[in-house]
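Here's the letter readout for the chains.
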Amino acid sequence: MDKFLTFTIVGLSTGAIYAIIASGLVLTYTTTGIFNFAQGAIGMLCAFAFWQMYIAWEWPLWLALLLSLLVLAPLIGAFIDTAIMRGLEDTTEVTRLVVSIGLLVGLIGLANWIWKPGVSRNVPAFFSGHYFSLADTRVTGQQLATIAVAVIVALSLWLFLRLTRTGVAMRAVVDDRALASLNGARPNRVSMLAWAMGCTLAGIGGILIVPNVALDAGTLSLLIVNAYAAAIIGRLRSLPLTFLGALILGCTEAYLSGYLKSTPNLAGLRLAAPAILLFIVLLVIPTSRLRGRRQSREFFPMPSWSGTFVFAGCVVFSGVVLATTLSNSDAVTYGRIFAVGILALSLVPLVGFAGQISLATLSFAGIGALVFGHLGAGGNPLALVLAFVIPAAVGALIALPALRLSGIYLALGTAGFAVALDRWIFNLADFNIGPVHISLFELGSTEVAPLNIFGYSFNTPSRQMVLVSVAFAVLSIAVVGVRRSAYGRRLLAMKSSEAACATLGLNLVGTKLTVFALSAGISGVGGAILGTQLRSISPQNFDFVSGLPVLLLTVVGGIGAVGGALFAGVSLMGILPLLALLGVFFANVAGLLPGIAGVGLGRNPNGSIHDIRDGFEPIIRYRPAIIWLAIVIPAVWILRLAGIYGNAVFFPLLVLSPVVAVIFATLKIGGVEQTPTVEEIPLEWKGFIEPWKESDLIELDAALGINEVSIHVAP
Amino acid sequence: MSTQTPLLELSGIHAAYDRIEVLFDVNLVVNEGSVVALLGPNGAGKTTLLKVACGLMSPISGDVLYAGKRVNGTRPEELARRGISMVPEGRGVFPNLSVRENLKMMTYTGVPLSQIEEIAFGRFPRLAERSRQLAGTMSGGEQQMLAMARGLATNPAVLILDELSMGLAPIIVEELYEIVAQVARSGVSILVVEQFASSVLGVADRAAIMVHGRIVRDGTPAELESELSHAYLGNQQESSGGEL
Ligand SMILES: Nc1ncnc2c1ncn2[C@@H]1O[C@H](COP(=O)(O)OP(=O)(O)OP(=O)(O)O)[C@@H](O)[C@H]1O
Ligand SMILES: [Mg+2]
C-alpha cells in the first residue's frame, strides 16, 4: 500500500508537469490554430536560461524565475508570433506543422550552441529538505509545489479563457480573424499574447522538470511527446480533460516503473508508454469528420516526362562524378546524399501528393534496413524487394487504424509509432511470434552486407555512390509516374478535399492505404540502401528525432516535387557536413540551419526548388548555354580525372560553370520571363487573364470551327 | 431623415485581388442618417467594395473618407471602434463561441455587456433562451439575428450589411429589414448590399447598381426600379460571353 501511495505521488507530480506543458499546447492550439511541436523545446530553452542565471551565475531564485518566465518566455512567444506565425495564413496544415518542427530543431541547435552538450548541469530540487508525511509516505516540497502550481495554472487558465474578454477574444480570433477585427478586437495583439502565455507555460513546465531529469536539449524537448497524449485526451480543446489526461499519464508511467519487472525488454516499454498511450488515445477519441475544401496558396505544377528524365540523368551523372573524384572517406560522408534523398522521396507521394502527414519515415527505413540486414545474406538483391514489401505491409498496418485520422492527429499518431519503435521495439532482443523468428538490432548493432548483383559487389563507397544515385533516379521516375497517373490524380483530389472525394465515390480507404504502403516501401528501400552504406546499423540511425529534418527539408525544398527530395538529401548530407568542416562557428550554424529554413517556410510555402528552377530558367531558354554546359562540365571532369588539378579546384569549377551559364544567358536574353503574349494565353483563359477583345473572338471561332458569328463585342 | 453631410465617402476606388482588378474607379457616398442600397449581380464586386469601406482591404488607389477624414490603411479594428460596424456576408458570428461570448466580443466598441445584452435579448428573445449554446449550432436565421445584434447594440455611426438575406426564408428577411428600417430611423447611416432588390428598396433612400466592378447607375429607388431587370439580365451587347 505504501508503495502504491509513493508511486501515486510520483505519478501525480510528473503528471502535473505534463499538465502544465499540455495546457500550453492546448492554449496555443485553441488560440492560434497551430499545434506547436516546439512547445517542449521552448520549455527546454527556459530551463537552460534558468540554470544559467540561478546555478551558473548564482542569482537569487526569484530573479531567475522572474527573468526566465516573465521576460524571456513571453519574448520568445512574441518573437514566434510576429516573425514566424504571421506569415502562415492560407498555408496547409503540413506547412504549419513543419514550421513548428523547424522551430523545434532550430531551438535544439541554438541550445546546443550556447550550452555545449556533454557537460553535466543540474538544478537541485526546489524546497529540498522540506517534506510532509502522508500515511507513512513522504511528499517532498518539490512534488507538492509542482502539483500546486499545476492546479493553480489549470484553474486560472480555464477561468481566463472563459470569463475574461481577452480570453474570449483569443478563441474568437481562431474562429474568424477578420470578424474579430470587425468587432474591434485587435487580432495581432491577441495572438501575440496567446503565444506569450503559451511560452510561459512551457517555461514553467521546463523549469519544474529539470530537477528530475538531466538538462539535455534533446531529452527535454521531447518530453513533449508525453504531453501530446494528454493534450489529445483533451482533444486539443478541453483544459480539464487535458489535466486529467496528464495525471493518468503520469501515474501510468510511475506504476509501470514501480511494478513492472525490470527485464531489458520491459524497461523500454516504460519509456515508450506515453507514445503507445498517445497512439491508443488517437484511435479511440472521436475526431472531426472529413475535412472540406481549404484554400491554400500552395501549388505544385505537373512534372513533365522530359524534365524528369533530364533530372534523373543529371542525378546519375553527379553520382558518377562524385564516385570518381571523391576520396574514400568523403565518398562515405557524401554517399548519403542520395540515400537520404530516397527517404525524402518517400514523403513526396504521401505528404506532397496525398496531403497525409507522416513523422515515421525513418522508422520504416529502419525496418527496411533490418530486413535487408537479416535476409539479404551476401547482399542478395532479392532481399531489396522484401525491404520494400515488408515495410510497405507494416505501413499499411499502421495506416489501417490511422485511416480515420487526418492532419495533426495523423502526424501525432505516426510520431507515437516512431517513438514506440525507437524507445522500445528496436531495443528488443530476438523474439518469436509463433513460428516466425524476429531479430532486430540484437541489443546493439546489426551488420548489413553490401549489395551483390550477379557477383558484382557494391562494396566500396564509390560503387555504392553510383548504385544509390541510380536507385534515386529510378525511384524519382517512378514517383513522377505515380503523379502523372490516374492514381496520382486521386491522391491530389484527396488532398484538396476528402469530403468531395467521398461524395464522388472515390475509395478513400484504398487510396490512403496504398499511398501509405507505397511511401513506407520506398523508405524501406532507402533504409536498406543506407544500411549497406553504413555497414553496421543501430537504433540510433533511425530514431524519431533524426527523421524530423528529413521531412523538414523536403518541405522546404518542395514536398510536391522529386526535386524537393534531392534538395533534402543535398542539404542534409552535402551542404551541412561541408559547413561543419569550416570550423566550430559554422558547425553551430549548420545545426541551426534546418530549423531556420523550416521556420522561413511561411514566406515561400511552395518550396525552394521552384525558385532554384526559376534561377536556371535562362539556361533552359537559351540553347547555346545548354550546349556550353554540356561541353564544359564533362571537360572539367575529364581534366580532373587526368589529374590536372585536385578537388579543391574541381568542385569550385563545377559549381561555377552553371552560374556562368546563367549569367551569360541572362545577359543574352534577359532574366525575367517575358509576360505571356496574346498567343500564349490558352484558349480557355481568353477573357480572364486579359480583357476580352474582338481578336479573341475570331481566334476562338477559328479554333472551335464556328464560321457564322452572330455575337458582337460591345465597343 | 438624412442630411446632406457625407459620413462615409468612397472616391475613385480601384481594388484588386493579387493582380486581378475587380473594382474600377468606384464612387459612393453615404450621407449621415441615410440608407444606401448597393445592388448588382454575382461577382460584381459589392462585397469587395464593402471590405474596402470597413478597412478589411486596402484599395490600390482612391480614397476612403470617414467623417471627413481619410482612413485608407486604417486597420478594421480601429474603424470598428470608431463606429463603422460591418456584418459580413454569410454568418457574421463566431461558431465556436457561445451566444453570450459572441455578445461579449461586441464590447470592444465601448458599450458595456449589460447594455448589449439588454438590447440584443430585448430585440431577439430567442437569443436569450440560447445564450449558452454555441453560435455555430444555431439555425441560419438565429445566427443572422446574433450578427445583426452587433449592429443594433453597439451604437455604430455606420452600419454596413452584406447580403442579410443569404439563405434565409423570405419571412425572416422581411423581419430583418423591418429592423434595418428601425435602426435607420434612429439616425444610423446604413450601407446595405442585396442581390434581391425588392426587400431592400423599400428601406433605401438611394441605390446604386454595380456591374463588373463599376457603378453603372445610381439614384433614388424609384428611379432605378425600371432599370434593375436590365442590370441583372444583362443586355445582349454587354454580356456576349454568356451566350457562347
Ligand atoms: N479572395 C479573393 N481572391 C480572388 N478573387 C476574389 C476574392 N474574392 C472575390 N474575388 C473576385 O472578385 C470579384 C468580385 O467579388 P465580390 O465578392 O466582391 O462580388 P459580389 O458582388 O459580392 O458577389 P456576390 O453577390 O456573389 O456576393 C469576383 O470576380 C470574385 O471572383
Ligand atoms: Mg458578395
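Just so you know, these numbers come straight off a predicted model, no measurement behind them.

A. Looking closely at helix α25 (residues 608-621) of chain A. Residue and element names in this part refer to chain A. The end-to-end C-alpha separation of α25 is 20 Å, in line with the 20 Å expected for 14 residues at 1.5 Å each. Residue G615 marks the point of greatest curvature in α25, where the axis turns by about 40°; the proline P618 follows within four residues. Where α25 is concerned, the buried positions are S608, E617, P618 and I619. Where α25 is buried, its residues meet α22 (544-557), α23 (562-581), α26 (623-641) and α27 (647-669).

B. Spatial organisation of the pattern of salt bridges. One pass over the structure, following the stated rule, counts 12 salt bridges over all chains. The salt bridge partner of R613 of chain A is E617 of chain A, with a shortest N-O separation of 3.1 Å. In this pair, R613 of chain A and E617 of chain A are both assigned in helix α25, four residues apart and thus about one turn of the helix distant. When its relative accessible area of 11% is taken as the criterion, E617 of chain A is described as buried. The salt bridge partner of D218 of chain B is R206 of chain B, with a shortest N-O separation of 3.5 Å. Residue D218 of chain B is found in strand β10 (residues 214-219), and its partner R206 of chain B is found in strand β9 (residues 206-211); the two are separated by 12 residues along the sequence. Note on D218 of chain B: relative accessible area 43%, which makes it partly exposed. R206 of chain B sits in the partly exposed class, given a relative accessible area of 37%. Because the salt bridges share partners, they merge into one network encompassing R162 and R171 of chain A together with E101 of chain B.

C. Inspection of the confidence of the model for chain B at higher detail. Residues and elements named next belong to chain B. This prediction gives chain B a mean pLDDT of 85; 91% of its residues lie at or above 70. Overall, residues 233-244 carries pLDDT values under 50, and its contacts beyond four positions in sequence, including any with other chains, amount to 11 contacts. Confidence estimates for the predicted assembly give a pTM of 0.81 and an ipTM of 0.90.

D. Layout of empty space enclosed by the protein. Residues and elements named next belong to chain A. For the structure on display, the rule yields eight cavities of 30 Å³ or more. Size it by volume and the second largest cavity reaches roughly 60 Å³. Around the second largest cavity, the lining residues are I21, Q39, G40, G43, M44, A47, A202, G205, G206, I209, L220 and L223. Within the residue set of the lining of the second largest cavity, elements represented by two or more residues are α2 (39-56), α8 (187-209) and α9 (217-233). Tallying contributions element by element places α2 first for the lining of the second largest cavity, with five residues. Across the lining of the second largest cavity, the residue classes break down as seven nonpolar, five polar and no charged.

E. Main features of the domain arrangement of chain B. Residue and element names in this part refer to chain B. When its domains are assigned, chain B resolves into domain 1 (1-82 + 164-237) and domain 2 (92-154). Between domain 1 and domain 2, the C-alpha centre-to-centre distance is 24 Å. In this complex, domain 1 contributes 10 residues to the contact, which on the side of domain 2 involves 10 residues. A combined buried area of about 880 Å² lies between domain 1 and domain 2, and 72% of that area is made up of carbon and sulfur atoms.

F. Spatial organisation of the packing of helix α4 (residues 93-114) of chain A against α9 of chain A. Residue and element names in this part refer to chain A. With their axes 9 Å apart at the nearest point, α4 and α9 run at an angle of 150° to one another. Judged by the inter-axis angle, α4 sits roughly antiparallel to α9. Here the hand of the crossing between α4 and α9 comes out right-handed. Where α4 approaches α9, its residues L104, I108, A111 and N112 are matched on the opposing element by A217, G218 and S221. Across the contact of α4 with α9, the residue classes break down as four nonpolar, three polar and no charged.

G. Representation of the packing of helix α14 (residues 336-353) of chain A against helix α19 (residues 486-496) of chain A. Residue and element names in this part refer to chain A. The contact between α14 and α19 brings their axes to 8 Å, and the two run at 45°. Between α14 and α19, the angle falls in the class oblique. Contact with α14, carried on its side by P349, V351, G352 and F353, involves L491, L492 and K495 of α19 and no other residues of that element. A class-by-class count of the residues in the contact of α14 with α19 yields five nonpolar, one polar and one charged.

H. Main features of the coordination of the magnesium ion (ligand 2). Each protein donor to the magnesium ion (ligand 2) is listed here as T47 of chain B (OG1) and E89 of chain B (OE); together their distances run 1.9 to 2.4 Å. Highlighted residues: T47 of chain B in helix α1 (residues 46-54) and E89 of chain B in the loop between β6 (84-87) and α3 (99-105), separated in sequence by 42 residues.

I. Region of interest: the interface of chain A and chain B. The interface of chain A with chain B comprises 26 residues on the first partner and 28 residues on the second. Taken over both partners, the interface formed by chain A and chain B buries close to 2,600 Å², and the fraction arising from carbon and sulfur atoms is 59%. By the criterion of area lost to chain B, the three top residues of chain A are R165, L182 and N183 of chain A, representing 29% of everything that side buries. Applying the counting rule to chain A against chain B returns three salt bridges. When the shortest N-O distance is used, the salt bridge between E101 of chain B and R171 of chain A registers 3.0 Å.

J. Inspection of the nonpolar core at higher detail. By size, the foremost hydrophobic cluster in this structure holds 236 residues, and its most contacted members are M105 and I160 of chain B. The element contributing the most residues to this core is α14 of chain A, with 13 residues. In this structure, L176, V188, V203 and A204 of chain B belong to the second largest nonpolar core, which totals 47 residues.

K. View of the packing of aromatic side chains. The final tally for this structure, using the stated rule, is 22 aromatic pairs over all chains. Note on F650 of chain A and F651 of chain A: the rings are 4.9 Å apart at their centroids and 65° apart in plane angle, and the pair reads as edge-to-face. Residue classification places F650 of chain A among the buried residues on the basis of a relative accessible area of 0%. F651 of chain A gets classed as partly exposed once you look at its relative accessible area, which sits at 22%. Through a chain of ring-to-ring contacts, three or more aromatic side chains come together here, namely F4, F7, Y255 and Y259 of chain A. It is R121 of chain A that lies over the ring of W51 of chain A; its NZ or CZ is 5.2 Å from the centre. For R165 of chain A, the ring lying beneath its charged end belongs to Y108 of chain B, and the centroid distance is 3.8 Å.

L. Spotlight on the sheet that holds strand β8 (residues 189-194) of chain B. Residues and elements named next belong to chain B. The sheet built from six strands is open, its strands ordered β6-β7-β8-β3-β9-β10 with mixed pairing. Only two strands of the sheet have a single partner each, and these edge strands are β6 and β10. Averaged over all pairs of adjacent strands, the angle between their axes in this sheet comes to 15°, without regard to strand direction. Pairing geometry for strand β3 (residues 35-39) and β9, over four bridges, is parallel. Among the inter-strand pairings, L39 is bridged to a residue of β9, identified as I209. Its contacts with the sheet place helix α6 (residues 140-153) against β6 and β7 (158-162), and it is angled at close to 170° to β6.

M. Fine view of the site of ligand 1. All names here are of chain B. Near ligand 1, the surroundings consist of 13 residues, among which N42, T47, T48, E89 and Q195 are the closest. Note that an oxygen atom of ligand 1 is positioned 2.6 Å from one of the side-chain N or O atoms of K46. Between ligand 1 and T47 there is a distance of 2.5 Å, counted from an oxygen atom to a side-chain nitrogen or oxygen. Across the complex, the protein chains shield 62% of the 630 Å² of accessible surface that ligand 1 would expose by itself. In terms of residue count, the dominant contributor to the shell around ligand 1 is α1 (three residues).

The rules behind these values
Residues numbered from 1 in each chain as written. Chains lettered and ligands numbered in written order. Predicted model: local features only at pLDDT ≥ 70, side-chain atom pairs only at ≥ 80, totals over all residues. Heavy atoms only, no water. Helix = DSSP H or I, 4+ residues; strand = E, 2+ residues; numbered from the N terminus. Expected span 1.5 Å × (residues − 1). Bend = angle between axes of the 7 residues up to and from the residue. Buried < 20%, exposed > 50% of the residue type's maximum accessible area, 1.4 Å probe, protein only. Contact = heavy atoms within 4.5 Å. Salt bridge = Lys/Arg side-chain N within 4 Å of Asp/Glu carboxyl O. pLDDT = per-residue confidence, 0-100. 1 Å grid on protein atoms, 1.4 Å probe; cavity = no way out; pocket = protein on both sides within 12 Å on 5 of 7 lines; lining within 4 Å. Points joined across faces, edges and corners; volume = space filled by probe spheres on them. Nonpolar A, V, L, I, M, F, W, Y, C, P; charged D, E, K, R; others polar. Domains from an automatic or database assignment. Buried area = accessible area lost by both parts, 1.4 Å probe. Axes fitted to C-alpha atoms, helices over the stretch in contact; angles between N-to-C directions. Parallel < 35°, antiparallel > 145°, perpendicular 65-115°, else oblique. Left-handed = near helix turned anticlockwise from the far one by under 90°. Donors = N, O, S within 2.8 Å, 3.2 Å for Na, K, Ca; no water. Core = buried A, V, L, I, M, F, W, Y, C linked by side-chain atoms within 4.5 Å. Phe/Tyr/Trp six-rings, centres within 6.5 Å; stacked < 30°, edge-to-face > 60°. Lys NZ or Arg CZ within 6 Å of the ring centre and 35° of its normal. Pairing = 2+ DSSP bridges. Near = heavy atom within 4 Å. Polar contact = N/O pair within 3.5 Å; in protein donor to acceptor, adjacent residues only side chain to side chain. Areas by Shrake-Rupley, 256 points an atom, 1.4 Å probe, with all protein chains shown as cover.

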